[in-house]
Amino acid sequence: MKAPNRPFAVRLYERLARSMLPAEFYRDVGPQIVESFEALYADAARQSWFTAVGLFLRELRSIIGTGFRERRRLPRTFPGRRVRFPIWRRIAGDVRTSVRGLWRAKGLSAVVVVMIALGVSVTATVFALVDQTLLRSLPYSDAKDLVTVTVHDVRPGGGVLASSQTEIDNIAQLPGVASAVGYDVIELNLADDVGDPMRVEIVRMGSDLIRLLGIQTVLGRSFTNEEIVQRQHLALLGHHVWQQRYGSDPGILGRSVLIQAVPYTIIGVLPARFAFPTRADVWTIDGPYPNVSPQGIDRADRRYFVLARRERQNTTKVVQRQLQALAIQLAETYPATNRDVSFSVEPLHDTLTGSLRRPLYLLLGAAGFVLMIVGGNVASLLLVRGASRHKEWAVRRALGASVARIRALIVIETVTLSVAGGLLGLAGAGLFLSLVYRISPAEFPVVDTIAVDGPVILTMAGLATVMGVVIGLMPSFSAGRIVGSEILGSRGATSSRSQQRVQTAMVVGQIALATVLAVSATLLAVSFQKLTNVDPGFDRANLITIRLHNGSNGRGPVSFWRDVVDVTSDIPGVAAVAGAAFQPMEVGFGQQISIRGISSTIRPSADFMPVVGNFFLTVGVPLLEGRLFTVDDDAEAPGVAIVNASFVRRYLQGNRVLGAVIEKTISRGAWGATRSLEIVGVVGDMRNRGLAIEPEPMIAVPHEQSPFGYMRLFIRTSVDPGAVVKVVQERIWSIDPLLPVDDLQYMEDVVHQSVRQTRLMMYVAATVAVLALILSALGVLGVVSYSANQRNREMSIRMALGAMDRRVVGLIMRQGLVMALAGVLLGLMGAWATSGFLESQLFEVQATDPGTLGLVAVVLIGVTLVASYVPARRATRTDPVHVLRAES
Amino acid sequence: MTGRGRKHIPLSAMDMQILLSLMQGPNHGYAVINEIAERTGNEMRVGTSTLYAAIRRMLTDGWVKETGAPPDVERTDVRRRYYEVTGEGNRILRSEARRIDQLRRVLKRGGLLSDEVG
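Residues numbered from 1 in each chain as written. Chains lettered and ligands numbered in written order. Predicted model: local features only at pLDDT ≥ 70, side-chain atom pairs only at ≥ 80, totals over all residues. Heavy atoms only, no water.

1. Structural notes on the interface of chain A and chain B
Thought 1: In this complex, chain A contributes 26 residues to the contact, which on the side of chain B involves 20 residues.
Thought 2: Interface area for chain A against chain B, summed over the two sides, is near 2000 Å², with a carbon-plus-sulfur share of 49%.
Thought 3: Where chain A touches chain B, the interface holds four salt bridges.
Thought 4: A salt bridge links Glu35(A) to Arg80(B), with the shortest nitrogen-to-oxygen separation between them at 2.6 Å.
Thought 5: Only helix H2 (23-47) and helix H3 (49-72) of chain A provide two or more residues apiece to the side of chain A that touches chain B.
Thought 6: The leading source of residues in the side of chain A that touches chain B is H2(A), at 15 residues. (Contact = heavy atoms within 4.5 Å. Buried area = accessible area lost by both parts, 1.4 Å probe. Salt bridge = Lys/Arg side-chain N within 4 Å of Asp/Glu carboxyl O. Helix = DSSP H or I, 4+ residues; strand = E, 2+ residues; numbered from the N terminus.)

Shown next, in the form of C-alpha cells:
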C-alpha cells in the first residue's frame, strides 16, 4: 500500500512491532502483521474511534506478549535443562559477574571508584549544607509562619532600631499576626553554689518566646501568663548548661541561682537542639521596665528584636501591608517616638540564612562541576576499557547473549562502581563536614550539627545510580554495535574514530570546567589575600581583651574600672591597660546625634563607645588631631568626645572639628538625658564593621562621664600574652571573687575570625579547584596515553625510519596541547559568563580580572602538557622492532 | 523438528480456530481474525502478532503451508500472504476433534454434560 498516507496509528504500530518483536520473527512475518493490522484498523476506525482505540490496545498487548513468548522460543545453542531464575537472582548473578570482572581490572576499578568517591564526597558535603540550612524547615512548630519584624529609622542614614514592648503589643494585635514577642540577648554573670562564677548568655524575653516557637521543655515547664505579667524572676536553662554545670541533675527545678546578683528560680530545661536566637545558656522574662505609665511601657524604651507568628491564612505580604498601616498610625499618635519609623517583615528562615544563600549555591554549582568532571573522566576511562573488551563481548554474543543483555551487564558494572564510589564518598563527606564545621561553626546558625543523614544519603544514592547508568550506557552503545562474527580473531583492541572524538570532547569539557573552577578559586584567594592585608586600624599583636561586667558586688562601674586598671597595669610584662565598651571589630551602639550649628539632610548617627584610660594608645590607634582624654575629663568636667576620621569625613567636612559640639538625646542605657559633648580630638579609623567594610563614624567618650557596666578590658603586653593571663585573672578576682574572667580573646584571633566566611569559601573553592585540576589532568593523561597506544605502530615505523624522539614526543603532545587550548578557551568564556554570580563574594578584585584569568590559563595549559608528556615519553621508550613484530 | 507437533496436543483453542479457518482453502491473516471473531461471537479476538506467531510456528511444524492467492481474488496487497492447511495439519485437527469427541462422551457418561451440548 502507499506508505505516505497511512494513518498515524498504523505507523506507530509498525514502529512498535519492529522494536518489540524479535528481529528474526519480524523479518519472517512483520509485513503480514502490519498489513493485517492495517485492514483491521481501517474496519475499526470506520466504526468509531472508541473501537479503534480498543483494537490498538489489544494489538499492543499482543505485540508485547508475542515479543516475550518468541524471545523465550529463540534457539538455544546448548541443549539442556532450561532453568528460569527469578529476576533478582539474575541481577545478583550479573552483579557477581561484574564484580569478578572489576576485580580482574583492579587498578582501573580502584581509580574509578576513588574518582567517584571524590566527586560524591564534595557534592554530598555541599548538598548536606544546602539541604540542612536552606531547604529544610526550621525545627520549630509551623516554622514557616514565623517571621521577624524589623524596625527602621527611615531618615537617611537612619538604620535599624530596636522595638519597645508597647510597640510589640501593637504588632501582636494586628489581624494578620497571631502573636509577637520581643527579646534581646546579653551576657551577664551567673553565680551559684556549684562552681566558679560564670559568664552566661541570657535571652531576656518580653513574653513567652518558647511558646511562640512551639518548643516543649525536656524538664519542668515554661512560664505561665501570670508569671509573665508579674515579671517574676524565673529562668529556663539551656540543655548544655544543665548537662555540664549541673550534671543533668533532675532535681535542678526550684533551685535558685544569682544572675547579676539577683536571685532567679530555675523552672525548666530546654531541649538539647534548641538554639534560638542563639545557643544561649539561660532564658528569662525581662523586666520590670523603668517607665510604665497608664498608656503602657514607655515607647522610647526600645530594647527588643521582634519575632512574630503570622496567622496561617495571611501571607507575609499581607502582614507587611498591615505593619505599614500601623507605622503610619503610630507616627501620627506618637510622633515623639514613632515619626519616621517603619516596619518590615521577613520569614525567619530568610533572616537566618539570607547571607548564606549565595555562597552555598555557588558551592553547589562548583560541586556539580566536579561531579561532571568525574563523570566525564570515568566515562572516558571506561570507553578505553570497553574498546579493549570488544573481544569479550563478541564471545558473549556468539554464545547467545543478546545485545540488550550485554548492555545490561555493562550498566550493572558501572552502577556497581558508582555505588561503591558513592558509599566511599558519603564516608568522605562525613569527614569533610566535620572539618567544615570545625573551621567555621558560626556560619551555620540554623542547626547545631550538619550531618550526612537520610535525605543526603538518598539523594546521593540516586545521583550515583543515575551517574552509573549514564556512564555505563556510553560504552554499552559501542558494544551494541558489535556483531558476533565481526570480532573473533580480528583486531583485538581498536577504537573507532567516533569514540575517540567523544573522548576528546569530554576531556575538553573537563578542562573547561576545571578552568572555571580554578578561576573562581584564584579570585577568592586573591580576595582573601587583599582582605587580610587590610589595615584594621589598630595594632593587633600582643593585644588581648577580656569581657568584664561589674555588678555582682553592687559597686558602681566607675570605681570598679578604676580598680581594674590599677591592679592590672603593674603586672610584669603588661605594657598598657585600658577599657572600652566594644572591641575594634565589633559594631557599637548606634546612636542618633546632632551637631550644634550644623544642619544637614542626613541625620547623623555614630557608634558610641565609652572608654577607660588610654584606650587609643593601648590598642594602637593614632591621634590625628587635638588631644586624648585625660584624668581631668571626669564626671564633674564638661562633656568631651573624641571622634574618628570617618566621623569628620562624613559630618564635619569643611567645618571646624575641634571644639564642635555633639548633642544627643538619650532614650535608654548609659546616658540619662540630652548631653553636649565637645570634640577634643580626632583619631584614626578602626575597621568596626569587619575588614571588608569601610569604617563607620564613631564617638568615644570618657567612661567617667558615661558610665557603662558592660565593658572590655584591653591589655597590651610586651611578652607573649599567654604568660600574663593567669596573673590578670587573679588580680581581677582580688577585686571581686565572683566575677567571671573567662571570656578572653587574642585580638589576632578576632581579626582572623572576622574573615572566616571568606576564608571558608576560599578553602572549599581551592580544594574543589585542585581536585578538578587533578581530575582533568588524569583525563588528559588517559586519553593521550590511549591514543599513543593506538598509534604505537605508526610511531614505531616513524622511529624505525629514523624519526627523533623529540619529533615523536611532539606529535603526541600536540594532541594534548590542542585539547588544552580548546578547553581553557571554553573555560575562560565560561568564567566570564558566570562572573556575575561570584562578584558579590569578592573583595577588591574584579571577577574578570585579566591577571587571574591569564594565570589560570597558563597553569592549566602547563598541567595538561605535563599530563600528555608522560605518555609521549613512554611512546619513545618502546622498542619499534618489538611493536612491529607483535602487530604483524 | 519432528515430534514437536505432539507438544501442541491438546491443541489450544486459538490454534484450533486458526486451523479451522484455513481448512476451507487458502486464507489470509486479516480474514482469519475476522472469521474467528465471527465464529465465536466476538468471544475470541486474536491479536495480529499472536496470530502470526502461531502461523509461523505451524509453518515450521508443517501444519500449514503458504499458497498463492485464490483465483477469484484479482487485486491484492503485495504483503498479503495466503495459507492453507497441509495434510499433516488436517490429520492433527481431525485427531484432535476425535479426542474431544471422546472426551465429550466420557463427560456425558459421567453426568457432567447433557445431551443437548455439542
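2. Observations regarding the environment of Leu20(B)
Residue and element names in this part refer to chain B.
Thought 1: In this fold, Leu20 is placed in helix H1 (residues 13-23).
Thought 2: When its relative accessible area of 30% is taken as the criterion, Leu20 is described as partly exposed.
Thought 3: With 70 residues separating them along the chain, Leu20 and Asn90 place their C-alpha atoms 9.3 Å apart.
Thought 4: Excluding residues within four positions of it along the chain, Leu20 makes contact with Arg39 and Leu93. (Buried < 20%, exposed > 50% of the residue type's maximum accessible area, 1.4 Å probe, protein only.)

3. Let's talk about the confidence of the model for chain A
Residues and elements named next belong to chain A.
Thought 1: Confidence along chain A averages 81 in pLDDT terms, with 89% of residues attaining 70 or more.
Thought 2: Counting contacts from residues 76-81, a segment whose pLDDT is below 50, to residues more than four positions away or on other chains yields three contacts.
Thought 3: Per-residue pLDDT stays below 50 along residues 667-672; that stretch engages in 16 contacts with residues further than four places along the chain or on separate chains. (pLDDT = per-residue confidence, 0-100.)

4. Details of the nonpolar core
Thought 1: By size, the foremost hydrophobic cluster in this structure holds 141 residues, and its most contacted members are Phe538(A), Leu548(A), Met609(A), Phe615(A), Phe616(A) and Leu713(A).
Thought 2: Examining the composition of this core, we find that 15 residues originate from one element, helix H23 (residues 756-790) of chain A, more than from any other.
Thought 3: When residues no more than four places from it in sequence are discounted, the contact partners of Phe616(A) are Val621(A), Leu628(A), Ile642(A), Val683(A), Met698(A) and Ala700(A).
Thought 4: Among the nonpolar cores identified, the runner-up in size contains 41 residues, and Met14(B), Val32(B), Tyr83(B) and Leu93(B) belong to it. (Core = buried A, V, L, I, M, F, W, Y, C linked by side-chain atoms within 4.5 Å.)

5. A short note on unusual backbone geometry
Glycine aside, negative phi is the norm for most residues, and most peptide bonds take the trans geometry.
Thought 1: Note the cis peptide between Phe276(A) and Pro277(A), where omega equals -5°.
Thought 2: With respect to the helices and strands, the residue Pro277(A) is situated in the loop between strand S8 (262-269) and strand S9 (282-285).
Thought 3: Residue Gln260(A) is not a glycine yet carries a positive backbone phi of 50°.
Thought 4: Checked against the element boundaries, Gln260(A) lands in the loop between strand S7 (256-259) and S8.
Thought 5: For Asn42(B), which is not glycine, the phi torsion reads 65° and is therefore positive.
Thought 6: By the element assignment, Asn42(B) lies in the loop between helix H2 (29-39) and helix H3 (48-61).

6. Comments concerning helix H22 (residues 747-754) of chain A
Residues and elements named next belong to chain A.
Thought 1: Buried residues of H22: Met747, Val750 and Val751, and no others. Seen end-on, H22 carries its buried residues on one side only, within an arc spanning 95°.
Thought 2: Tucked inside the fold, the buried residues of H22 contact strand S14 (543-549), strand S24 (710-717) and strand S25 (744-746). (Arc of directions from axis to C-beta.)

7. Digging into the packing of H1(B) against H2(B)
Residues and elements named next belong to chain B.
Thought 1: For the pair H1 and H2, interaxial distance at closest approach is 10 Å and the crossing angle is 110°. As far as their axial angle goes, H2 and H1 are roughly perpendicular. Seen along the crossing, H1 lies across H2 with a hand that is right-handed. The residues of H2 that touch H1, namely those facing Gln17, Ile18, Leu20, Ser21 and Leu22, are Val32, Glu35, Ile36 and Arg39. (Axes fitted to C-alpha atoms, helices over the stretch in contact; angles between N-to-C directions. Parallel < 35°, antiparallel > 145°, perpendicular 65-115°, else oblique. Left-handed = near helix turned anticlockwise from the far one by under 90°.)

8. A short note on the confidence of the model for chain B
Residues and elements named next belong to chain B.
Thought 1: Scored by pLDDT, chain B has a mean of 81; 85% of the residues are at 70 or more.
Thought 2: Ranking the helices and strands of chain B by mean pLDDT puts strand S2 (residues 82-85) first, with 90, and helix H4 (residues 87-109) last, with 87.
Thought 3: Here residues 1-5 is a poorly scored stretch, pLDDT under 50, and it has three contacts once near neighbours within four places are set aside; other chains count.
Thought 4: Here the complex is predicted with pTM 0.61, and the ipTM for its interfaces comes to 0.83.

9. Digging into the packing of H2(A) against H2(B)
Thought 1: Look at H2(A) against H2(B): their axes get within 8 Å of each other, and the N-to-C directions meet at 50°. In terms of orientation, H2(A) lies oblique with respect to H2(B). For the pair H2(A) and H2(B), the contacting residues are Ser36(A), Ala39(A), Leu40(A) and Asp43(A) in the first and Gly29(B), Tyr30(B), Ile33(B) and Asn34(B) in the second.
Thought 2: Split into classes, the residues belonging to the contact of H2(A) with H2(B) amount to four nonpolar, three polar and one charged. (Nonpolar A, V, L, I, M, F, W, Y, C, P; charged D, E, K, R; others polar.)

10. Re helix H18 (residues 557-569) of chain A
Thought 1: With 13 residues, H18(A) should cover 18 Å at 1.5 Å per step; its first-to-last C-alpha distance of 18 Å lies within 8% of that length.
Thought 2: Of the surrounding secondary structure, the elements contacted by the buried residues of H18(A) are S14, strand S15 (574-580), strand S18 (605-612), S24 and helix H21 (725-735) of chain A. (Expected span 1.5 Å × (residues − 1).)

11. Remarks on the side chain of Asp208(A)
Residues and elements named next belong to chain A.
Thought 1: Within the secondary structure, Asp208 is located in the loop between strand S4 (198-205) and helix H7 (209-213).
Thought 2: Engagement of the side chain of Asp208 in a polar contact is seen with the side chain of Ser222, the distance being 3.2 Å.
Thought 3: Each residue touching Asp208, except ones within four places of it in the same chain, is listed here: Val181, Ser222, Phe223 and Ile228. (Polar contact = N/O pair within 3.5 Å; in protein donor to acceptor, adjacent residues only side chain to side chain.)

12. Focus on the pairing of strand S22 (residues 675-683) of chain A
Residues and elements named next belong to chain A.
Thought 1: One ladder, built from three bridges, connects strand S19 (residues 623-626) with S22; its direction is antiparallel. Pairing of Glu625 across the sheet is with Val682, part of S22.
Thought 2: As paired strands, strand S20 (residues 640-644) and S22 are joined by five bridges and run parallel to one another. Within S22, the position partnered with Asn644 by the bridge is Val683.
Thought 3: Alignment of strand S21 (residues 661-664) against S22, held across four bridges, turns out to be antiparallel. By the bridge assignment, Val661 is partnered in S22 with Glu678. (Pairing = 2+ DSSP bridges.)

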